[in-house]
Amino acid sequence: MSYTLPLSECTADRAELVGGKAVGLGSLLRVRPEEDVPPGFVVTTAAYRRWTAERRLEADLERILRELEDDPGDAALLAASRRIATLFERAGLGEPILEEVGQAYAALGGGGEVPVAVRSSATAEDSAETSFAGQQETYLGVVGVEAVARDIIRCWASLFTPHAISYRRRHGVALDGAAMAVVVQRMVAAEVSGVMLTIDPVNGDRSQITIEATCGLGLPVVGGELTPDRYHVDKVTMEIRSVAVAHKPFADRLDLSSGTVRRVELGEEADRPCLGDEEVVRIAEVGKQIERALGGPQDVEWALGSGPGGGRHLYLLQSRPETVWSRQETAPVAPPRTTAMDRIVAMMVGGPRARPGGPADAAGPGGREGTGRT
Amino acid sequence: MATTVRRFPSPFEIQTPPGAEGWESMYPPYILFSEDNREWEEGRFWFLDSLHRPEVEYPFDTIVHEAWNSAASELVTRTLAVPVTNGYVERILNGRLYLTILPVPDQKVVEERVPIYTRRAGHYFENWADLFERWRGKLERVIGELKAIQIPRLPHLEDESVVTEARGYSTGLEMLNAYQRVVDNVFLVYQYHFELLVLGYTAYLNLHQFCKQVFPGIPDQTVANMASGADILMFRPDDEVKKLARKALDLGLQEVIRADRPPAEIIADLRRDPRGHEWVAAFDAVQDPWFHFSSGTGMYHHERAWVDDLTVPWAAMKGYMERLERGESVERPVDQILERRERITAEYRALLTTDEDRAAFDQNIALARLVAPYVEDHNFYIEHRHHTTFWNKMREFGDRLAEHGLLESRDDLFYLNRWEVGQVLYDMVYSWGAPGRPSRERYWKSTVARRKDIVEVLRAWPAEPALGPVPPDLNEPFTIMLWGLTQERVEEWLAGAGDGAARELRGYAGSPGVVEGTARVIFSPEQIPEVEEGEILVCPITAPSWGPVFGRIKATVSDLGGIMCHAAIVCREYGLPAVVGTGRGTKVIRTGDRIRVDGNAGVVTVLS
């Protein structure tokens, strides 16, 4: 077993092998009970490298990319991307990787018929460009090992979207630096799903947890088809600071037996909050705990679905460090070596000042909100 | 470039309600809008001080805010040299109090004041504990002096000792002198009131602003919670009532005390009973100061204190007796509250990312906690202890005037302003000295009668929330803290947010938590016994002396009050959600309505 790894073995020192998403899931498994993370495995970058080597794809890849002109247009990029995708799909997964994937998939239960999500897990070298390049692929409701194998290859092919090709050319990233891991994880039939940031994305307020939620699967929100409900929770007191209920005319629901996703009209439910207050607080509590355990603000994907003990169980689908505010050097609000008296006088004479790098500095309406979301 | 100045009506456009003609005569001329100062007055933004003065001004009761607005102005401008404020100016219009805040117009003056203010305010902060101790001494003295003022009866003949001891002056002069001393005493107590309060609020505000910068979403009440004192004097009266309840049970007096008779009669009977005697001794021992506790804010003459009217504490005591008999705890969870305060403070601190901010946070918290006991307790000394005696002293003058036929009854005195009370007392004393001299008895009596009608008419006047042009930047920290006046609030007024049909009310988030329940709307402390276990209290203003009721309600909604109002403090201490300053909760909500109180967002929703 060297081409797949259980999620629990995905540690940060293996980031190059398993990618960021798998590291996030591995971290979650270390700080949360096992049943909170849907079972799954990762197909490593070693598998990708072995596969491209074995199928002799490097030469073709290099040729296709070399044929692109110095400043290729969108059409040329798209054509190259499509050629690579076709090339990949025709190659098929093959042994020994297919066998390992088959075993790991069978171990997820359901007699080889369990619906899974197949998602790309980008490596560190690539991660800076990933969100912007849109190469984070997600396939939901995938059933059967053949389909899983097909979607793993599609994830690999997403290394070569027009954007990614263009980005690599402009930044001189060598082709052998590009590799992709793929996470295969059992699906949750989400009644509600959403994301949570354990920091305010608008102003970097570390005392605020922001939760966005929609009914059913989260895909329509990611795709911009729906506005989610938004809840702000005080990270210290766990009081709900504010609730903004959005109009959500439909929900995408997964049928667990067939793995198909159906779009359902919500009717009266459309304008109701999709989370109860207690659920909001429960999700926020978990976010706070994860942040503490992992040592910094987190960006968490979650879903509520029927759990082992009945009732709505909170599943954690991804967690990664928040990067926009947390990595930024924050200048102190208080100038160094000031006394309370100095600050009182400054407050009176100057009025309240915004934190440097705060809302006043954020670029345009909405500021930095929403960046980096996949 | 010409810009449109948005404005509320000019004070000079406001009509006198029919039937209230001549209302201006109730107040001294300097407190009225006038043609003399029209240009200046029309150029300023005036807001209704509904937070401190929700009612139509009784002519005499204006003494309280005259004393406080002049004291506060003198302190900030002449003593502390606060860099940005030149004081607070008040006007009465149709019986309602409006204020404007004077900025320092000249940047040069601001700069001159900075070092002076830094030094003077710094002195207070550095020596706070000592100066607060001295303040308590001053307050004991000023309250003692007020109590010691005798309001004499005018004798038919002066006592022999006036001659033998060669006193040399009359009891009539003593009467006039007593009145002067009472007035001076009130003005003095408000000087003391602000001596520490302005600085206390400044320290709170400093913490508040810092927290809002580092944690933009932090709720106001969380900041207040982090700074709040461990135990508050305001709760002592309630605690004493609990002790009396326990003692009554220990002595087996529950049947006697529960009897459906006036408390005063029950106490009189208990005095004659050996077991009862022990209870009454305990009761007597706590009267001063703990029952010198107003059933309202203490700032109006008609709000009676517990010593004057036992309705509130008596109902509370019976409630505590029942709960004790059921084996329930009646204690406030002081330790839990304190522990929570420490946890919250430590957790917020841990979220800070730089050493500088952690150092500033620690300093700001320490300073806010240093001043917290004063901010939280000063009302007890002044509006409760001092004013209980003050209003009763004034009633004694009223008694004399009624005895001498210048007024129909004692409380009529409050329909004369503080200068006129000096006049009517002089008129009385002069006629006492010169029997047969007719006093202006008919003038005083007819003036009072007319004013009673005027006050009734003015009560129905829908006061404008503000007057004059809206200033460009309203978000001045002190104005927000003292009057809850924000740009947002003014926008609501401008939009005419007085829609009576609205089922959602906005106010200040006074104390966190969200609950749903049945509303009980009450308008006066006499109605407190109507409040049932688990109801949500809806009232014009939740005075601290209503403390006992907080043990059996789920949440509070008040028409008036801001984040630092007494009610918000009480609710936070009891861990109850509160939305204060809704403006019209008692008008929109009916007893029996199902309502949702969101003490985090400051919103009340009428559900059904």
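Source: prediction; values computed, not measured. (Residues numbered from 1 in each chain as written. Chains lettered and ligands numbered in written order. Predicted model: local features only at pLDDT ≥ 70, side-chain atom pairs only at ≥ 80, totals over all residues.)

1. Some words on the overall build of chain A
1) Next: In terms of helices and strands, chain A carries eleven helices and 13 strands.
2) Next: The 374 residues of chain A split such that 44% are buried.
3) Next: Put simply, of all contacts in chain A between residues at least 6 apart along the chain, 68% involve residues at least 24 apart. (Helix = DSSP H or I, 4+ residues; strand = E, 2+ residues; numbered from the N terminus. Buried ≥ 20, exposed ≤ 12 C-beta atoms within 10 Å, placed from the backbone. Contact = placed C-beta atoms within 7 Å.)

2. A short note on the overall build of chain B
1) Next: Assigned secondary structure in chain B consists of 20 helices and twelve strands.
2) Next: Taking 608 residues into account, the globule formula puts the C-alpha radius of gyration at 25 Å, and chain B, at 25 Å, falls close to it.
3) Next: Overall, chain B is about 80 × 75 × 50 Å in size when its C-alpha atoms are taken along their principal axes.
4) Next: Expressed as a percentage of the 608 residues in chain B, the buried residues total 46%.
5) Next: Residue pairs in contact within chain B that sit at least 24 positions apart in sequence constitute 69% of those at least 6 positions apart. (Rg over C-alpha atoms; globule rule 2.2 N^0.38 Å.)

3. Overview of the nonpolar core
1) Next: If you look at the biggest cluster of nonpolar residues, it comprises 113 residues, and the most contacted ones within it are B:L207, B:A227, B:A368, B:V371 and B:L413.
2) Next: For this core, the leading source of residues is helix α6 (residues 171-214) of chain B, giving 18 residues.
3) Next: Not counting the four nearest positions on each side in its chain, B:A368 is found in contact with B:A203, B:Y204, B:L207 and B:A227.
4) Next: One finds A:V114, A:A157, A:M187 and A:C215 within the second-largest nonpolar core, a separate group that totals 85 residues. (Core = buried A, V, L, I, M, F, W, Y, C linked by C-beta atoms within 7 Å.)

4. Concerning helix α2 (residues 62-79) of chain B
Residue and element names in this part refer to chain B.
1) Next: With 18 residues, α2 should reach 26 Å at 1.5 Å per residue; the first-to-last C-alpha distance of 24 Å fits that figure.
2) Next: Regarding α2, the residues found buried are T62, I63, V64, H65, E66, A67, W68, N69, A71, A72, L75 and V76.
3) Next: Looking at the buried residues of α2, the elements they touch are β2 (85-93), β3 (96-103), α6 and α15 (418-433). (Expected span 1.5 Å × (residues − 1).)

5. Some thoughts on the packing of helix α11 (residues 340-350) of chain A against helix α3 (residues 107-126) of chain B
1) Next: Contact geometry for α11(A) and α3(B): axes closest at 10 Å, N-to-C directions at 140°. Between α11(A) and α3(B), the angle is such that the two are oblique. In this structure, α11(A) meets α3(B) at a crossing whose hand is right-handed. Contacts between α11(A) and α3(B) involve A:M341, A:V345 and A:V349 from the first element and B:V110, B:V114, B:Y117, B:T118, B:A121, B:G122 and B:F125 from the second.
2) Next: Here the residues of the contact of α11(A) with α3(B) are counted per class, giving eight nonpolar, two polar and no charged. (Axes fitted to C-alpha atoms, helices over the stretch in contact; angles between N-to-C directions. Parallel < 35°, antiparallel > 145°, perpendicular 65-115°, else oblique. Left-handed = near helix turned anticlockwise from the far one by under 90°. Nonpolar A, V, L, I, M, F, W, Y, C, P; charged D, E, K, R; others polar.)

6. A word on the interface of chain B and chain A
1) Next: Contacts between chain B and chain A engage 39 residues on the former and 30 residues on the latter.
2) Next: Listed by contribution, the elements that provide at least two residues to the side of chain B that touches chain A are α3, α6, α13 (334-350) and α14 (355-403) of chain B.
3) Next: Split by residue class, the side of chain B that touches chain A holds 22 nonpolar, 13 polar and four charged.

7. A closer look at the domain arrangement of chain A
Residues and elements named next belong to chain A.
1) Next: Assigned domains of chain A: these are domain 1 (4-186) and domain 2 (189-374).
2) Next: Facing the 19 residues of domain 1 at the interface are 19 residues of domain 2.
3) Next: Looking at the side of domain 1 that touches domain 2, the elements with two or more residues in it are α1 (15-31) and β4 (138-142).
4) Next: Of all the elements, α1 adds the most residues to the side of domain 1 that touches domain 2, at seven residues.
5) Next: Tallied by class, residues from the side of domain 1 that touches domain 2 come to nine nonpolar, six polar and four charged. (Domains from an automatic or database assignment.)

8. Quick look at the sheet that holds strand β9 (residues 240-244) of chain A
Residues and elements named next belong to chain A.
1) Next: Reading across from one edge, β9-β8-β7-β6-β12-β13 is the order of the six strands in this open sheet, with antiparallel pairing throughout. The open sheet has two edge strands with one neighbour each: β9 and β13 (312-321). If you compare each strand with its neighbour and ignore which way they point, the axes differ by 20° on average.
2) Next: Relative to β9, strand β8 (residues 229-234) runs antiparallel, the two being bridged by four bridges. Bridge pairing in β9 places V233 opposite I240. (Pairing = 2+ DSSP bridges.)

9. Things to note about the environment of A:A91
All names here are of chain A.
1) Next: Inspection of the secondary structure assignment puts A91 in helix α4 (residues 74-91).
2) Next: Given 17 C-beta atoms within 10 Å, A91 falls into the partly exposed group.
3) Next: A91 sits 39 residues away from T52 along the chain, and the two C-alpha atoms are 9.2 Å apart.
4) Next: For A91, the residues in contact, after removing those within four places along its chain, are R55 and L57.

10. Description of the sheet that holds strand β6 (residues 508-511) of chain B
Within a beta sheet, neighbouring strands are joined by backbone hydrogen bonds and run either parallel or antiparallel to one another.
All names here are of chain B.
1) Next: One open sheet holds the eight strands; their spatial order is β5-β12-β11-β7-β8-β9-β10-β6, and the pairing between them is mixed. Edge positions in the open sheet fall to β5 (504-506) and β6, since each of these has one partner strand only. The average angle at which neighbouring strand axes cross in this sheet is 30°, direction not considered.
2) Next: Across three bridges, β5 lies against strand β12 (residues 603-606) in antiparallel orientation. Pairing of R506 across the sheet is with V603, part of β12.

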